[in-house]
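Examining the three-dimensional arrangement
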Amino acid sequence: GAVVSQHPSWVICKSGTSVKIECRSLDFQATTMFWYRQFPKQSLMLMATSNEGSKATYEQGVEKDKFLINHASLTLSTLTVTSAHPEDSSFYICSAREGQQSSPLHFGNGTRLTVT
Amino acid sequence: LAKTTQPISMDSYEGQEVNITCSHNNIATNDYITWYQQFPSQGPRFIIQGYKTKVTNEVASLFIPADRKSSTLSLPRVSLSDTAVYYCLVGGGTGGFKTIFGAGTRLFVKA
């Protein structure tokens with residue numbers, strides 16, 4: 001089946017530094033990928049929709065200059081958390097859809113970000 | 001986007017059948033209903049998807065009434081490893097391309 005690989009699985013960084021998270025569709029092409037953030041005991045919150053070859057679409061309340069998204073190819077999207085602060089510590093998850101709009105999403109295994 | 005409502009939590013025992021119902025009153029004509037399972041510190045995993053009536057696969061069944069305003073995920077003979085959060089999502093048709101998660105149902109299976 002379709003596989004989405006997310007890297008790294010966990011990262012610890014110091015406040016003020018930037019962190020890049022990669023999301024790859026391993027065996028299919030994904031023109032659109034989604035980035036979510038999840039806090040403990042809460043549901044996934046959609047941050048942005050990543051479109052190959054164009055700018056990402058951010059959800060209301062998500063700072064586009066802080067969460068930089070690049071979708072450089074049909075199999076890779078990256079999320080960069082810039083100037084990270086402790087409140088950015090969270091579980092970040094990406095997903096991609098194979099095929100048509102009604103197809104189910106395939107999710108990466110998430111990245112646990114801890115900002116000290 | 002169609003909003004979904006599920007019970008916050010459910011308890012069950014090993015070997016029982018578990019039914020989780022999701023309400024989606026404003027589902028759009030072409031929307032599909034998809035269920036995902038999530039374990040702690042992992043990404044959600046696809047369980048089943050349907051449009052109407054009944055769908056069955058190797059792990060679950062999905063029952064959708066004619067008005068499609070609700071759906072029921074049925075897990076036969078649950079085990080301890082089925083303890084997870086289950087999300088019902090509606091979309092993919094005219095309701096929208098992006099996927100918005102509701103609160104989900106936290107299922108706890110006891111021995």
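Here, every reference points to the structure presented above.
Every residue gets a number counted from 1 within its own chain, in the order that chain's sequence is written. Chain A is the first chain written and ligand 1 is the first ligand written, with later ones labelled in order. Confidence filtering applies because this is a predicted model: local features only for residues at pLDDT of at least 70, side-chain atom pairs given and counted only at 80 or more, and all residues used for totals across whole chains, interfaces and linings. With hydrogens and water stripped out, all remaining heavy atoms of the structure feed into the side-chain values.

Within chain B one finds zero helices and nine strands. Counting from the N terminus, the helices are DSSP H or I runs at least four residues long and the strands are E runs at least two residues long. Tracing chain B from N to C terminus, the helices and strands come up as β-β-β-β-β-β-β-β-β. Over its C-alpha trace chain B gives a radius of gyration of 13 Å, about what one expects of a compact globule, namely 13 Å for 111 residues. Seen along its three principal axes, the alpha-carbon backbone of chain B occupies a region of about 40 × 30 × 20 Å. Note on exposure labels: buried denotes an accessible area under 20% of the residue type's maximum, exposed denotes more than 50%, and partly exposed covers the range between, all computed with a 1.4 Å probe on protein chains only. The buried share of chain B, taken over its 111 residues, is 49%. Here the analysis covers contacts within chain B between residues at least 6 apart in sequence; of these, 58% occur between residues at least 24 apart. With the radius of gyration taken over C-alpha atoms, the globule rule is written as 2.2 Å times the number of residues to the power 0.38. Contacts are assigned to residue pairs with any non-hydrogen atoms lying within 4.5 Å of each other.

Attention now goes to the overall build of chain A. The secondary structure content of chain A amounts to zero helices and eleven strands. What you see in chain A, going N to C, is helices and strands ordered as β-β-β-β-β-β-β-β-β-β-β. Computed over its C-alpha atoms, the radius of gyration of chain A comes to 13 Å, within 12% of the 13 Å expected for a compact globule of 116 residues. Counting only C-alpha atoms and orienting by the principal axes, one finds that chain A spans roughly 40 × 25 × 20 Å. Long-range contacts, defined here as pairs at least 24 residues apart, represent 53% of the contacts in chain A between residues at least 6 apart. Shrake-Rupley sampling with a 1.4 Å probe provides the accessible areas, and residues are treated as covered by the protein chains on show and by no other component. Taken as a whole, chain A presents about 5,600 Å² of accessible surface, with 50% of it coming from carbon and sulfur.

As a further point, take the interface of chain A and chain B. Each partner contributes residues to the interface: chain A has 23 residues there, and chain B has 22 residues. Carbon and sulfur atoms make up 54% of the area that chain A and chain B hide from each other, which totals about 1,800 Å². Salt bridge, as used here: a side-chain nitrogen of Lys or Arg that lies within 4 Å of a carboxyl oxygen of Asp or Glu. If you look at where chain A meets chain B, you find zero salt bridges. Polar contacts here mean pairs of N or O atoms no more than 3.5 Å apart (in protein, one a potential hydrogen donor and the other a potential acceptor; neighbouring residues in sequence count only if both atoms are side-chain atoms). Connecting chain A to chain B are five residue pairs in polar contact (both at pLDDT 80 or more). The term buried area refers to how much accessible surface (probe radius 1.4 Å) is lost by two components on association, counted for both of them together.

The next point concerns the layout of surface pockets. For cavity detection a 1 Å grid was placed over the protein atoms alone, and a set of points counts as a cavity when a 1.4 Å probe fits there but cannot get out; an open set counts as a pocket when protein lies on both sides within 12 Å along at least five of seven lines, with lining residues being those that have an atom within 4 Å of a point. Grid points are joined across faces, edges and corners, and a volume is the space filled by probe spheres set on the points. Here the largest pocket defines a volume of roughly 340 Å³. Lining the largest pocket are 17 residues, and of these Lys41 of chain A together with Phe39, Pro40, Ser41 and Arg106 of chain B sit closest to its centre. Sorting the residues of the lining of the largest pocket by element identifies strand S8 (84-91) and strand S9 (105-110) of chain B as the ones contributing at least two each. A per-element tally of the lining of the largest pocket places S8 of chain B first, with three residues. We call Asp, Glu, Lys and Arg charged. Ala, Val, Leu, Ile, Met, Phe, Trp, Tyr, Cys and Pro are nonpolar, and the rest, Gly among them, are polar. Of the residues contributing to the lining of the largest pocket, the split by class is nine nonpolar, five polar and three charged.

Once that is clear, we can look at the state of the cysteines. Should the sulfur atoms of two cysteines be covalently bonded, the bond is a disulfide. For this text, the term disulfide refers to a pair of cysteine sulfurs within 2.5 Å. Evaluated as defined, the whole model comprises two disulfides over all chains. With a sulfur-sulfur separation of 2.0 Å, cysteine 23 of chain A is cross-linked through a disulfide to cysteine 94 of chain A. Between cysteine 23 of chain A and cysteine 94 of chain A, the S-S torsion sits near 85°, and that sign places the bridge as right-handed. Within this pair, whereas cysteine 23 of chain A is found in strand S3 (residues 19-25), its partner cysteine 94 of chain A is found in strand S9 (residues 90-97), the two being separated by 71 residues in sequence. One disulfide in the model links cysteine 22 of chain B with cysteine 88 of chain B; its S-S distance is 2.2 Å.

Below, the discussion takes up the sheet that holds strand S3 (residues 32-38) of chain B. In a beta sheet, neighbouring strands pair by backbone hydrogen bonds and run either parallel or antiparallel. Residue and element names in this part refer to chain B. The sheet built from five strands is open, its strands ordered S1-S9-S8-S3-S4 with mixed pairing. Two strands lie at the open edges of the sheet, namely strand S1 (9-13) and strand S4 (45-50), each paired on one side alone. Direction aside, the axes of adjacent strands within the sheet are offset by 25° on average. In this sheet, S9 lies alongside S1 in parallel orientation, the contact comprising five bridges. Within S9, the residue paired with methionine 10 across the bridge is leucine 107. Strands are treated as partners if at least two bridges between them are detected by DSSP. Working convention: axes come from line fits to C-alpha atoms, limited for helices to the stretch in contact. Angles between N-to-C directions cover 0 to 180 degrees.

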